[in-house]
Amino acid sequence: MDQFLAALDRLPIGYSEGRYAGHRWGVTLDMAADRRRCWLRGDQLGGAGRVSFNLYRLADGPVLRPCEMPAETVIAFVLAYRPDPDLITPPRPAVGRSGSAPRSTTDMRLADRSRRVGGIDRSTGMIAT
């Protein structure tokens, strides 16, 4: 578990694209400010692969909750996923309690790309252009 946690801590928070098992993947990692709770979702770009989990760092130790897959699949992914440094979109900073900071056009295009898997927009199910 120590190697898994160390590898997870090295992953960029936000959206990234990278390689795992010879394929391109899009990965979103979100972490609470206190780093005690996080979730990750990865989708194989142009394929059917998927990985998803929640992690809770409790006083008794970490609790890994994979989403509909074995823990071994999640652990293997986190240990071997290599993000491309040129394809990392950090999360937007929140502004106050009312919402988020405005996004630049570049950020919006990158966020739109993160919803697409294999040419299909996950939010609408339509073919992405």
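Rules used in this analysis
- Residues numbered from 1 in each chain as written.
- Predicted model: local features only at pLDDT ≥ 70, side-chain atom pairs only at ≥ 80, totals over all residues.
- Heavy atoms only, no water.
- Phe/Tyr/Trp six-rings, centres within 6.5 Å; stacked < 30°, edge-to-face > 60°.
- Buried < 20%, exposed > 50% of the residue type's maximum accessible area, 1.4 Å probe, protein only.
- Core = buried A, V, L, I, M, F, W, Y, C linked by side-chain atoms within 4.5 Å.
- Helix = DSSP H or I, 4+ residues; strand = E, 2+ residues; numbered from the N terminus.
- Contact = heavy atoms within 4.5 Å.
- Pairing = 2+ DSSP bridges.
- Axes fitted to C-alpha atoms, helices over the stretch in contact; angles between N-to-C directions.
- Arc of directions from axis to C-beta.

Visitor: Whenever I open this one, the packing of aromatic side chains confuses me. Can you help?
Guide: Aromatic ring pairs are defined here through the distance separating the ring centres and the angle between the ring planes. The final tally for this structure, using the stated rule, is five aromatic pairs. With centroids separated by 5.7 Å and ring planes inclined at 80°, the aromatic side chains of Y20 and W25 adopt a geometry described as edge-to-face. The same class applies to Y20 and to W25, which are both buried.

Visitor: Quick question: what am I supposed to make of the nonpolar core here?
Guide: General note: in soluble globular proteins, nonpolar side chains tend to be found buried as a group. F4, L8, L40, F53, L55, F77 and V78 are the most contacted members of the largest nonpolar core, which totals 21 residues. Elements with a contribution of two residues or more to this core: α1 (2–10), β2 (23–31), β3 (37–44), β4 (50–58) and α2 (71–80). Residue contacts for L40: discarding those within four places in its chain leaves L8, L11, V27, T28, L29, V51, S52, F53 and F77.

Visitor: Help me out: how do you make sense of the sheet that holds strand β6 (residues 82–89) in this one?
Guide: For sheets, the rule is that strands pair by backbone hydrogen bonds, running either parallel or antiparallel. Strand order in the open sheet formed by six strands is β5-β4-β3-β2-β1-β6, and the pairing between neighbours is antiparallel. Looking at which strands have only one partner, the edges of the open sheet turn out to be β5 (61–66) and β6. The mean angle between the axes of side-by-side strands here comes to 25°, regardless of whether they run parallel or antiparallel. Pairing geometry for β2 and β3, over seven bridges, is antiparallel. Bridging from a neighbouring strand, M31 pairs with C38 of β3.

Visitor: Mind showing me how you'd approach α2 here?
Guide: Side chains three or four residues apart in an α-helix point the same way, a direct result of the helix having 3.6 residues per turn. By the burial criterion, the buried members of α2 are V74, F77 and V78. Each buried residue of α2 lies within a common arc of 95° when the element is viewed along its axis, so the set occupies one face. On its buried face, α2 sits against α1, β1 (14–20), β2, β3, β4 and β5.

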